[in-house]
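# Structural characterization, general
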Amino acid sequence: MTLETGLFIFKKIWACITAIFWKNKSIVYLNSNKKSFNLEEACRSKCINVKDSKVIVLGKNLPTSYKMYRTHFKKMQYRLFQIKRNLKENIDFTYGGFVSPMFAVFDGMEIGNTTKLDLICYDNNKNSYYSILYSKKSSNSPAEIECGDVLVGNEINIVISSTYKISPSKYNASLKTFEFEELTNNKIDNKYLQKVYQFVESVLVWSQTRNIKRINMYISAKQPVSFVVGTAIEERHPEIIVYEYLNNEYAFSLNLKTFKIAKTI
């Protein structure tokens, strides 16, 4: 066992031990690394109820470097161990913040099996927070997707263009690419999130029938959308790499199989 592996196991055990003492009716998890989340304002908007809740606010120091991204991710993993230790069907769960899409996808993958949860989002037009009651609806027969041309190789792209259209010049467009390109009208609702989930689920089911080995994922979306993308991802799916757009290029990536952040430039 390597030192890094040993430390990881120790932190996981310690996180679970400290979480035993949580005696709250609900959990509020606010994850940010793009800008700070205003908890007081969200409470005034009645999106969040902190009474009798375990409130986790992550991201006071917003990362600007590769090292800081890695540090933020390690803090996320520690907190997610604690949340999963206490997140049960009878526990209310609220999720929000302003975090990188790749981190929000990871959050969704790790704790998205919750049947019902409140997702907090920000309305830029009204400069106010609002909540979305989200209930995941998986299908035994995912929607059909347009396959188009013949697949070459065992690697594909999934592109989620939600807040803006992602230019094909920003990724390897020579690969088979599945794109969700229904832009939001600023405010997101549960119906829209269901469309996102069904799209991602359908592509992942398709990928398993085509012996796909690697999926490159590019996302322009608000945090609830990225989180819902993550809820569709399971361990049985191919290796998925989510890319981080920073300073007009995809600078970092997060491997959802190995839990490793890498530089891409």
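Residues numbered from 1 in each chain as written. Predicted model: local features only at pLDDT ≥ 70, side-chain atom pairs only at ≥ 80, totals over all residues. Heavy atoms only, no water.

### Some details on the environment of Pro238
Heads up, the condition is: Elements are defined by DSSP. Helices are runs of H or I of four residues or more, strands are runs of E of two residues or more, and each kind is numbered from the N terminus. What makes two residues a contact is simply this: any of their non-hydrogen atoms within 4.5 Å.
When you line up the elements, Pro238 lands in the loop between helix H6 (223–231) and strand E9 (239–246). Residues Pro238 and Gln208 lie 30 residues apart in sequence; the distance between their C-alpha atoms is 7.4 Å. Excluding its chain neighbours within four sequence positions, the residues that come into contact with Pro238 are Ser207, Ile212, Lys213, Arg214, Ile215 and Lys257.

### Digging into the pairing of strand E7 (residues 176–180)
Going by this rule: For each residue, the accessible area found with a 1.4 Å probe, counting protein chains only, is set against the maximum for its type, and the residue is called buried under 20%, exposed over 50%, and partly exposed in between. We call two strands paired when DSSP finds no fewer than two bridges between them.
Here E7 shows a buried face lined by Lys176, Phe178 and Phe180 and an unburied face lined by Thr177 and Glu179. Inspection of the sheet shows strand E6 (residues 155–161) paired to E7 by 5 bridges, in the parallel sense. Counted as the bridge partner of Ile156 is Lys176 from E7.

### Let's talk about the pairing of strand E10 (residues 249–255)
Each regular strand shows side chains that alternate between the opposite faces of the sheet. With 6 of its 7 residues buried, E10 lies for the most part within the structure. Of the strand pairs in this sheet, E9 and E10 are connected by 6 bridges, and their pairing is antiparallel. If you follow Leu246 over to E10, its bridge partner there is Glu249. Connecting E9 to the antiparallel partner E10 that follows it, the hairpin turn spans 2 residues, and Asn247 within it adopts a positive phi of roughly 55 degrees. By the bridge criterion, 4 bridges tie E10 to strand E11 (residues 260–263) in an arrangement that is antiparallel. Within E11, the residue paired with Leu254 across the bridge is Ile261.

### Things to note about the nonpolar core
As a reminder of what qualifies: What we call a nonpolar core is a set of buried Ala, Val, Leu, Ile, Met, Phe, Trp, Tyr and Cys residues that are connected through their side-chain atoms within 4.5 Å.
Grouped together as the largest cluster of nonpolar side chains are 62 residues, with contacts concentrated most on Tyr29, Ile83, Phe93, Phe103, Leu119, Ile160 and Leu256. With 9 residues, the single largest contributor to this core is helix H5 (residues 190–209). Not counting residues within four places of it along the chain, the set of residues in contact with Tyr29 comprises Ile56, Leu58, Met76, Leu80, Ile83, Phe93, Thr94, Tyr95, Gly96, Asp107 and Ile111. Ranked by size, the runner-up nonpolar core spans 10 residues in total, among them Cys47, Ile48, Phe98 and Ile120.

### Some details on the sheet that holds strand E8 (residues 214–220)
Backbone-to-backbone hydrogen bonds join strands into a sheet, with any given pair of strands oriented parallel or antiparallel. Rules: Each axis is a line fitted through C-alpha atoms, taken for helices only over the stretch in contact, and angles between the N-to-C directions span 0 to 180 degrees.
Read across the sheet, 6 strands follow the order E7-E6-E8-E9-E10-E11 without closing on themselves; strand pairing throughout is mixed. Looking along the sheet, the strands with just one partner apiece sit at the ends: E7 and E11. The sheet shows a mean angle of 25 degrees between the axes of neighbouring strands, direction not considered. Both E6 and E8 contribute to a ladder of 7 bridges, which runs parallel. Its bridge partner lying in E8, Asn157 is registered against Asn216.

### Some remarks on the pattern of salt bridges
This is how the line gets drawn: We define a salt bridge as a side-chain nitrogen of Lys or Arg found within 4 Å of a carboxyl oxygen belonging to Asp or Glu.
Counted according to the given criterion, the structure contains 7 salt bridges. In this structure, the salt-bridge partner of Glu181 is Lys165, at a minimum N-O distance of 3.0 Å. Within this pair, whereas Glu181 is found in the loop between E7 and H5, its partner Lys165 is found in the loop between E6 and E7, the two being separated by 16 residues in sequence. Take Lys165: its relative accessible area is 43%, and that puts it in the partly exposed class. For Arg236, the salt bridge is made with Glu234, and the minimal N-O distance between the two is 2.7 Å. Several salt bridges share partner residues, and in doing so they unite Lys165, Glu179 and Glu181 into one network.

### Points about H5
What counts is decided by this rule: Residue count minus one, scaled by 1.5 Å, sets the expected span of a helix.
The terminal C-alpha atoms of H5, which comprises 20 residues, lie 29 Å apart, in line with the 28 Å expected from a rise of 1.5 Å per residue. A positive phi of about 55 degrees marks Asn211, the residue just after H5.

### A closer look at the packing of helix H4 (residues 101–111) against H6
Worth spelling out the cut-off: Working rule for angles: under 35 degrees goes down as roughly parallel, over 145 as roughly antiparallel, 65 to 115 as roughly perpendicular, anything else as oblique. Each helix crossing is assigned a hand: it is left-handed if the near helix lies turned anticlockwise from the far helix by less than a right angle, otherwise right-handed if that turn is clockwise. Classification convention: Asp, Glu, Lys, Arg as charged; Ala, Val, Leu, Ile, Met, Phe, Trp, Tyr, Cys, Pro as nonpolar; all other residues, Gly among them, as polar.
At a closest axis distance of 6 Å, the pairing of H4 and H6 adopts a crossing angle of 45 degrees. When the interaxial angle is binned, H4 and H6 end up oblique. As for the relative orientation of H4 and H6, their crossing is right-handed in sense. Contact residues: H4 offers Pro101, Ala104, Val105, Asp107, Gly108, Met109 and Ile111, while H6 offers Gln223, Ser226, Phe227, Val229, Gly230 and Thr231. Of the residues that constitute the contact of H4 with H6, the class distribution is 7 nonpolar, 5 polar and 1 charged.

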